[in-house]
Amino acid sequence: MIPFNIPPYLPECSVYVEQAIQNHKICGDGVFTGRCNKALEQMTGAHRALLTTSGTSALEMAALLMNIQPGDEVIMPSYTFCSTANAFALRGAVIVFVDVDPLTMNIDPACVRAAVTPKTKAIVPVHYAGVCCDMDALQAICDEYGLLMCEDAAQAVSSAYKGRPAGSMSTVGCFSFHETKNFSMGEGGAVLVQDPELAERAEIIREKGTDRSRFYRGQVDKYTWIDIGSSFLPSELNAAYLLAQLEQHERITAARMACWNQYHAAFEQLEAKGCLRRMHVPAHCTHNAHMYYIVLNSLSQRTAMIEHLKNNGVNAVFHYVPLHSAAAGLRFGRFHGEDRYTTNLSERLLRLPLHYGLSEADCSKVIEAVSSFFD
Ligand SMILES: *Cc1c(COP(=O)(O)O)cnc(C)c1O
């Protein structure tokens, strides 16, 4: 069976984890965390990058940094992971879900504009499948109405929009290093902040609301509780595992891209015949080969395809029951406008195996299995 995902691993992961153990420093913010933060700053040009315990906690930090208050409205796609909404619902915000652009599954700026009210505080674009949202259009809406923006770039580490790195184009950018993501530390994530003052507050919120980071830098002679916060910093063991991959991020991306390109070329004919639709990457987006998905013609066809692939040794999966129709989505949010694409496409989209180490032969086997479905 070709698994949908295998977490990324390089021999250097073991070397660094062993070093972290030998350093007798396995709690947070040791040398490995520092080196990961620096590597992320170099990759993205962000003023400050800070590792967190997950993409979820990065989003929670973002909601705190943006001072989201009860009753504030936060606009996001319904087609996303629940953590995008949870982070803001936890602060008492009303989640306003809108439809996606059917070509990319990314938030549709026209739907965002239509959903803005005097209570709107922020927009949360999700760069689905590592393909960036239409950031110029979204930024124009933020500028016009005085809104904040937080990128959920969980899937978009090392992607870019018009040459600007994902995660670095908004007030706070959020990365995930979950084992299903391109670069992984098991569970982990990062926040990226552009404004130096906000970066200081991010350090405080991340360290239980204390100024411990300033204390370590010798800027204050004792550290105390000065703001709300929580424990958002990961263990050095996790950071060590991640560092090895960040140092070789180009190699990991290139390997994933080879699989992605192989799928994309192979399915061109099936698309021309109307059997399926391929992923679409707008010309101004450089993606990171996070995911390869196809869109089938109906839910029943997708169900049959999953079964067919399973019988042919391939594990393919779908995801995202649209949040607005989920129990918590009904409680904490509302959908604005018409659901033209979200539900329909979420029932037809299928993700194929794609991970570091997936061989050309494995990709061929997946392609063969998909193609034989239509024979
Ligand atoms: C993976 C993911 C998250 C959550 O990240 P974790 O590290 O698993 O907490 C949030 N949003 C999106 C879009 C994701 O893909």
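Preceding block: the structure.
Model, not experiment: these values are computed from the prediction.

Most often, soluble globular proteins have nonpolar side chains that are buried together. Phe177, Phe267, Leu352 and Val370 are the most contacted members of the largest nonpolar core, which totals 89 residues. At six residues, helix α9 (residues 236-247) tops the list of elements feeding residues into this core. Counting residues in each nonpolar core, the second largest holds 33 residues, with Ala58, Leu59, Ala85 and Phe97 among its members.

A word on the packing of aromatic side chains. For the coordinates displayed, the defined rule picks out 14 aromatic pairs. Considering the side-chain rings of Tyr79 and Tyr320, the 4.9 Å spacing of their centres and the 85 degrees angle between planes classify their relative orientation as edge-to-face. One end of the pair, Tyr79, is in the loop between β2 (73-77) and α4 (82-89); the other, Tyr320, is in the loop between α12 (299-311) and α13 (327-332), and 241 residues separate them in sequence. Taking 6.0 Å as the distance between ring centres and 10 degrees as the angle between the ring planes, the aromatic pair formed by Tyr263 and Phe267 counts as stacked. With a relative accessible area of 0%, Tyr263 lands in the buried category.

Right, let's get into the sheet that holds β2. Sheet architecture is open: eight strands sit in the order β1-β9-β8-β5-β4-β2-β3-β13, paired in mixed fashion. One side of each edge strand has no neighbouring strand; the edge strands of this open sheet are β1 (48-52) and β13 (333-335). Taking the axes of each pair of neighbouring strands and ignoring which way they run, one obtains an average angle of 25 degrees across the sheet. Bridge analysis of strand β8 (residues 172-176) against strand β9 (residues 189-193) gives five bridges, and the strand direction is antiparallel. Opposite Ser176, over in β9, you have Gly189 as the bridge partner. Here helix α3 (residues 55-65) sits on the sheet in contact with β1, β5 (148-152), β8 and β9, set at roughly 170 degrees to β8.

So, on to the pairing of β8. One face of the sheet, then the other: side chains in a regular strand alternate in exactly this way. In terms of burial, β8 is a largely internal element, five of the five residues being buried. Because side chains alternate across β8, one face comprises the buried residues Val172, Cys174 and Ser176, and the other comprises Gly173 and Phe175, equally buried. Where β5 lies against β8, three bridges are found, and the strand directions are parallel. Bridge pairing in β8 links Cys150 to Val172.

This part is about the site of the ligand. The immediate surroundings of the ligand are formed by 16 residues, with Gly55, Thr56, Asp152, Ser176 and Lys181 found nearest. Measuring from an oxygen atom of the ligand, one finds a side-chain N or O atom of Thr56 at 2.5 Å. Within the side chain of Asp152, an N or O atom sits 2.8 Å from a nitrogen atom of the ligand. Burial of the ligand by the surrounding chains reaches 93%, relative to a free accessible area of 380 Å². A total of three residues in the shell around the ligand trace back to one element, the largest contributor, which is α3. Of the residues assigned to the shell around the ligand, the class counts are five nonpolar, nine polar and two charged.

This part covers the environment of Phe32. One can find Phe32 in helix α2 (residues 31-44). With a relative accessible area of 1%, Phe32 lands in the buried category. Residues Phe32 and Gln19, 13 residues apart in the sequence, show an inter-C-alpha distance of 9.5 Å. Discounting chain neighbours no more than four positions away, the residues touching Phe32 are Tyr16, Gln19, Ala20, Asn23, Glu236, Ala239, Ala240 and Leu243.

It is worth spelling out α9 at this point. The periodicity of an α-helix, 3.6 residues per turn, causes residues three or four positions apart to be oriented the same way. Here α9 is 12 residues long and its end C-alpha atoms lie 16 Å apart, about the 16 Å a rise of 1.5 Å per residue gives. Check the buried side of α9 and you find it contacts α1 (11-22), α2, β1 and α10 (249-266). For α9, the N-terminal capping position is held by Ser235, with its side-chain oxygen 2.9 Å away from the main-chain nitrogen of Leu237.

Let us now look at a nonpolar patch on the surface. Taken together, the side chains of Phe215, Tyr216 and Tyr223 make up a nonpolar region of the molecular surface, amounting to roughly 320 Å² of accessible area. Relative to the helices and strands, Tyr223 resides in the loop between α8 (212-216) and α9. Exposure remark for Tyr223: the relative accessible area of 36% places this residue in the partly exposed category.

Spatially, three strands are ordered β7-β6-β11 in an open sheet, and the strand pairing comes out antiparallel. Where the open sheet ends on each side, the last strands, each with one partner, are β7 (164-165) and β11 (285-286). With two bridges joining them, strand β6 (residues 160-161) and β7 adopt antiparallel strand pairing. Bridge pairing links Tyr161 to Arg164 in β7.

Not every positive phi belongs to a glycine, and His24 is a case in point at roughly 55 degrees. Inspection of the secondary structure puts His24 in the loop between α1 and α2. A positive phi angle, near 65 degrees, is found at Met105, a position not held by glycine. Residue placement: Met105 occurs in the loop between β3 (94-98) and α5 (109-115).

Summarising the element assignment, Ala316 is placed in the loop between α12 and α13. Here Ala316 falls in the buried class, since its relative accessible area comes to 6%. For Ala316 and Ala153, which are 163 residues apart along the polypeptide, the C-alpha to C-alpha distance reads 23 Å. Residue contacts for Ala316: discarding those within four places in its chain leaves Ile306, Leu309, Leu350, Arg351 and Leu352.

Criteria and cut-off values
- Residues numbered from 1 in each chain as written.
- Predicted model: local features only at pLDDT ≥ 70, side-chain atom pairs only at ≥ 80, totals over all residues.
- Heavy atoms only, no water.
- Core = buried A, V, L, I, M, F, W, Y, C linked by side-chain atoms within 4.5 Å.
- Buried < 20%, exposed > 50% of the residue type's maximum accessible area, 1.4 Å probe, protein only.
- Helix = DSSP H or I, 4+ residues; strand = E, 2+ residues; numbered from the N terminus.
- Phe/Tyr/Trp six-rings, centres within 6.5 Å; stacked < 30°, edge-to-face > 60°.
- Pairing = 2+ DSSP bridges.
- Axes fitted to C-alpha atoms, helices over the stretch in contact; angles between N-to-C directions.
- Contact = heavy atoms within 4.5 Å.
- Near = heavy atom within 4 Å.
- Polar contact = N/O pair within 3.5 Å; in protein donor to acceptor, adjacent residues only side chain to side chain.
- Areas by Shrake-Rupley, 256 points an atom, 1.4 Å probe, with all protein chains shown as cover.
- Nonpolar A, V, L, I, M, F, W, Y, C, P; charged D, E, K, R; others polar.
- Expected span 1.5 Å × (residues − 1).
- Patch = residues over 30% accessible without salt bridge, like charges linked within 9 Å, V, L, I, M, F, W, Y side chains within 5 Å.
- Salt bridge = Lys/Arg side-chain N within 4 Å of Asp/Glu carboxyl O.

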